[in-house]
Amino acid sequence: MTLPSHAEIVVIGGGIIGCSTAYHLARDHKAEVVLLEQGRLTSGSTWHAAGLVGQLRSSASITRVLKYSVDLYKRLDQETGLATGWKMTGCLRLATNGDRWTEFRRLATTAKSFGMEMHLLSPSEVKAMWPLMEVGDLVGASWLPTDGQANPSDITQSLAKGARLHGAKLFEGVRVIGFEIEGGHIAKVKTDKGDIACDKVVNCAGQWARQLGAMAGVNVPLQPVKHQYIVTEKLDGLATKAPTIRDPDRRTYFKEEVGGLVMGGYEPNPQAWTMGDVPADWEFRLFDDDFDHFEQHMTQAIERVPALAHVGVKQMINGPESFTPDGNFILGRAPECANMFVGAGFNAFGIASGGGAGWVLAQWVVDGEAPLDLWPVDITRFSSLHRDRQWVHDRTLEAYGKHYTIAFPQEEYESARPTIVSPLYQRLKAHRAVFGSKLGWERPNWFAPEGMEPKDIYSMGRQNWFEPVGEEHRHVREKVGIFDQSSFAKYELAGADAQKALDWICANDVQKPVGRLTYTQFLNRRGGIEADLTVARLAEDRYYIVTGTGFRSHDFAWIRSQLGRHTQAVLTDVTEDFGTLSLMGPSARQVLKQVTDADVSNTAFPFAHVREIEIAGHPVRALRVTYVGELGWELHVPISATGEIFDALMTAGEPFGVRPVGYRAMESLRLEKGYRAWGADITPNDTPLEAGLGWAVKLRKNVDFLGRRALEEARGTRPKKVLAAFTVDDPNVVLVGRETILRDGEPVGYLTSGGYGYTIGKNIGYGYVRNPDGVDETYLAAGSYELVAAMDRIPASLHLQPLYDPPGERIRQ
C-alpha cells in the first residue's frame, strides 16, 4: 500500500459518517479526497448499529438532514449497484398516558410545520397494523409512514463504492498517530504508513473522535456507552413489512429482521464504557452479553409483544456507541483548529443521520460555513467545560437515560450541577431562586414565593412557575428588578485594526464615537444571521463585545475566523473577569442614582451609550441597553465585587421595591417587546431583511461587510418570508414553538418561539410567514390567521409592530 503524499481533504474514519462525507465531497464538490480507516470499513460501531431510520426532530434543518438520508438511501443502489437494505416500513410511536399523547400531538403539528406526513392513530388502528402487539394500555400512537430501516454495513459499503466512483481514495488498515501543526493549522496527517500533507482534515472517527481530536488540541466531548439489543428467532405472524415500533413509555424499540424481531432500549441506568482512550484494535468487537442489565427491557418488551416470551434469542448485541452530553450529534469546524472539521457523536442514530450529515458536512468543509442552520449540532455549542471528562460522563449518561422520556417544555438537566456559579449564587438561593443551567452556569430561572417549594414541576400545560413568573414580569414593568446575567459571554477586541475588523464582521455600523454601543448581527455569505450581540466602543482601538451565554465558543470562533493573519487586533475572552447585573424597570435610574456619583440622567447618559461609573468604590462598565423593553442598564462589574455591588443596589433600591428577577420573566418580557432570540427567531437561515432587522444593517454606508452582497441582491425583491408576531386570546392554549401558521386555512410557516405576555394578557408567538411569490405588508394584512397547537386550530391575530410600547419611549426615558 502506498499512501499519496498530498490530498486536498483527508477524512479519518470509515464508518457511515466518514464514507458519506467522502462520497459527498467527491460527488458534489469534485474534491481530492483520501479516506483513512484504521481497521476495516464499518468495523467501529457502524456494523452493529440497529439500523432504525427516523426523520422528525425539533429543528427544521436537522429534520431536513434526516429526510435527505432517506432520499439518498432510496436511490443510492441505482448509482452504485450495491443495495442499502432500505425498507420504508413506517414507524409507530406508542403513547400510554396523557402527557405523552400531548407530546405526540405537538410532534404531529411539528411534522406538519416541516412538511412531513404524520398521523395520530387509535389503539384499534395500531392493533390492525401490528396484530402481535398488546394495546390495552395505549392512549394512541403516532404514525410516520416515510420512516423505515436500513442495513448499516450495506449503506456504508454502497457509500464507499460511490465515493470511489467519484474519485475518492479509500485506505483500510491505516492508523493516524498524530498531526503536524503549523500556525494553528494541520499541515500533515501522520500515520503508521507515512505522512499526508493536506489542506483540511475531517474527523469522522466515531468513538475514537475524542482522542483523535485531542492530537490536534481539539475537544470532541463524547462518552462511549454500552448499548444492547437482541435479535430473535422467527416470530410467527410477524409481517416482513411490519412498521418499526418505538415504545418510549416502556423505553424500548422493535424492528422486523428476517422474520424475527430486533429489540433494544434506553435504560435509566446506562453503563458507560471507558473514560480513557478507546483501544485502537477494537475492531468488529462486542462486550459480553449482560442479560441481568437487559432484563428490564425484556420484561417491558414481553408485556408489549407477549409472543416474545415463547421465541428464542438468536443473538445479543452489546456494543459501544458514542453519545454526547446533550443527545445531539457533533458537526462543524473545530474552534481550536481552523482546518479540522468534525462529524461524530451520533447517539445511536448515526444510520438515520449518516446520509444527510455527510451531505451538509461536505458543504461545510468546502465553503467554511454551514449550509443550513445547524446550530443544534454545531461543535461550537460546547465550551472548555466539556473538557472535563467526569462532567461529560455524568451529563451524557443522563442524556442517554432521557432518550425516551417525555420532553417537557423548559426541562432542565440535573446531573453535574452546580458546576459554575456566579458570586450571587448563595444570595439568590436565599431569595428562593430556582436555577437552570446554561453551558455549566447556574442561572436563576424564577423565584418561588414563600410557601411554595422552589422547584420546577414539569407538565405539558401551565407549569408551577407560571404565576410567580407573572409577578416578576409585572414587577419589572412597574418598578425595578435585578437580573444576574454574569454568565454572559464577554470579549474584548483591541488593536489598531479593531474597527476595520468589526466593519467587515458586523452588519451594523460600529464606526461610532467612543462611548457608543451598537446592536448588530454577524452574517454569513448568504446574508443569514450567525450572531446577534452588542458591541461597545471603549476607546478608538478597543471594543467590548457581549453575547449570549450559550454562544460563547461559537461567536468567539466566528470573530477569530474573520480576523486575517495580518490583522493588528487581538481578541480576548474576558467572560470570567466581569459579573453582570442588569438593573431594569421604570425606577432603575432612581436606584442607580443612590449608588453612584455619576450623572445618569437621560441627557448625560442616553440610550445605546456606555460609561465607566463607580459603585461601592468599584469601577463599573455601565451599558445602557435592554432586552426587556424598559429603562435600564447592564452593569458589568469586577467579578470579585459582584456581591458587594448587588448588596448596594438591593439596599438602595429597597424604597423602590427592587427585587431579583429570573430568566423566565426575561423571556416573557422580550416576547412582548418583539426582541429576537438567536437560535430561534433568527438563525443562519434567516436574513435581517426577513427578520425585520433591516434597520440594523449599514447598507446605506459605503462599507463592505460579510453578507452585504447577498442582502443587496435580496433588497430589490420581495422577501419570500417575513417574521411576524401572533397573539392568541385563549388563555388555556400553551405555545412552545413549531406550531403551524395557517393563512386563510393554508399552512404558510410555523412559530419559531412561543410564550405568554403577562402585560398584554395573551399568548405570544413569532414565526415566518412564507409565500413563494413574496411577502409584504399588503399580503400579510389581507390574510386571516390561525395557529395549529397540538393539532387544534386556534384563531390568532398577526402583528408587525411590538406588542408593548411600539414607539420605544420607555427605554429612552
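None of the values given here were measured: they were computed from a predicted structure. (Residues numbered from 1 in each chain as written. Predicted model: local features only at pLDDT ≥ 70, side-chain atom pairs only at ≥ 80, totals over all residues. Heavy atoms only, no water.)

Undergrad: Would you mind showing me how to read the packing of helix α1 (residues 16-29) against helix α8 (residues 350-367) here?
TA: Each pair of packed helices gets described by two things: the angle between the helix axes and the distance between those axes. Orientation of α1 relative to α8, taken along the N-to-C sense of each, is 45°, at an axis distance of 7 Å. Regarding the angle of α1 to α8, the classification is oblique. With respect to the hand of their crossing, α1 and α8 are arranged in right-handed fashion. Across from I16, I17, S20, T21, H24, L25, D28 and H29 in α1, the residues of α8 making contact are G350, I351, G354, G355, G358, W359, L361, A362, Q363, V365 and V366. Class assignment of the residues belonging to the contact of α1 with α8 gives a composition of 9 nonpolar, 9 polar and 1 charged. (Axes fitted to C-alpha atoms, helices over the stretch in contact; angles between N-to-C directions. Helix = DSSP H or I, 4+ residues; strand = E, 2+ residues; numbered from the N terminus. Parallel < 35°, antiparallel > 145°, perpendicular 65-115°, else oblique. Left-handed = near helix turned anticlockwise from the far one by under 90°. Contact = heavy atoms within 4.5 Å. Nonpolar A, V, L, I, M, F, W, Y, C, P; charged D, E, K, R; others polar.)

Undergrad: Explain α1 to me, please; I cannot follow it from the model alone.
TA: Since one α-helical turn is 3.6 residues long, residues separated by three or four positions face the same way. End to end, α1 covers 19 Å across 14 residues, agreeing with the expected 20 Å (1.5 Å per residue, within 8%). By the criterion of burial, α1 is predominantly enclosed, with 12 of the 14 residues buried. Within the sequence span of α1, burial applies to I16, I17, G18, C19, S20, T21, A22, Y23, H24, L25, A26 and R27. Just past α1, the residue K30 takes up positive phi, approximately 50°. (Expected span 1.5 Å × (residues − 1). Buried < 20%, exposed > 50% of the residue type's maximum accessible area, 1.4 Å probe, protein only.)

Undergrad: I'm lost on the sheet that holds strand β29 (residues 610-615) in this one. Help?
TA: What links the strands of a sheet is backbone hydrogen bonding, and the strands pair in either a parallel or an antiparallel sense. As summarised here, the arrangement of the 6 strands in space is β29-β30-β31-β28-β22-β32, forming an open sheet in which the pairing is mixed. Each of the sheet's edge strands pairs with one partner strand only, and the pair in question is β29 and β32 (659-661). Across the sheet, the axes of successive neighbouring strands diverge by a mean angle of 30°, strand direction being ignored. Here strand β30 (residues 618-623) runs beside strand β31 (residues 632-638); their pairing, made up of 3 bridges, is antiparallel. If you follow L623 over to β31, its bridge partner there is E634. Across the sheet, helix α11 (residues 466-478) is in contact with β22 (481-484), β28 (578-584) and β32; its angle to β32 comes to roughly 120°. (Pairing = 2+ DSSP bridges.)

Undergrad: Just checking my understanding: could you explain the layout of surface pockets for this structure?
TA: Summary: where empty space remains is shown by rolling a probe the size of a single water molecule over the atoms. Roughly 730 Å³ of internal volume is contained in the second largest pocket. Lining of the second largest pocket is provided by 33 residues; of these, R333, A338, A557, R560 and S561 occupy positions nearest its centre. Of all elements in the fold, only α8 and α13 (552-562) reach the threshold of two or more residues within the lining of the second largest pocket. (1 Å grid on protein atoms, 1.4 Å probe; cavity = no way out; pocket = protein on both sides within 12 Å on 5 of 7 lines; lining within 4 Å. Points joined across faces, edges and corners; volume = space filled by probe spheres on them.)

Undergrad: Just to check I follow, could you spell out the nonpolar core for this structure?
TA: One broad trend across soluble globular proteins is that nonpolar side chains are buried collectively. Counting residues in hydrophobic clusters, the biggest one holds 51 residues, and the most contacted among them are V11, L25, L159, V202, L331 and L374. Among the secondary structure elements, those contributing two or more residues to this core are β1 (6-12), α1, β2 (33-37), α2 (60-80), α5 (152-165) and α8. Here this core takes 9 residues from α8, the largest share from any one element. Discounting chain neighbours no more than four positions away, the residues touching L331 are V342, G343, F346, A357, V360, L361, W364, V377, D378 and I379. Core analysis: the next-biggest nonpolar cluster, separate from the first, contains 35 residues, A7, V10, A205 and F287 among them. (Core = buried A, V, L, I, M, F, W, Y, C linked by side-chain atoms within 4.5 Å.)

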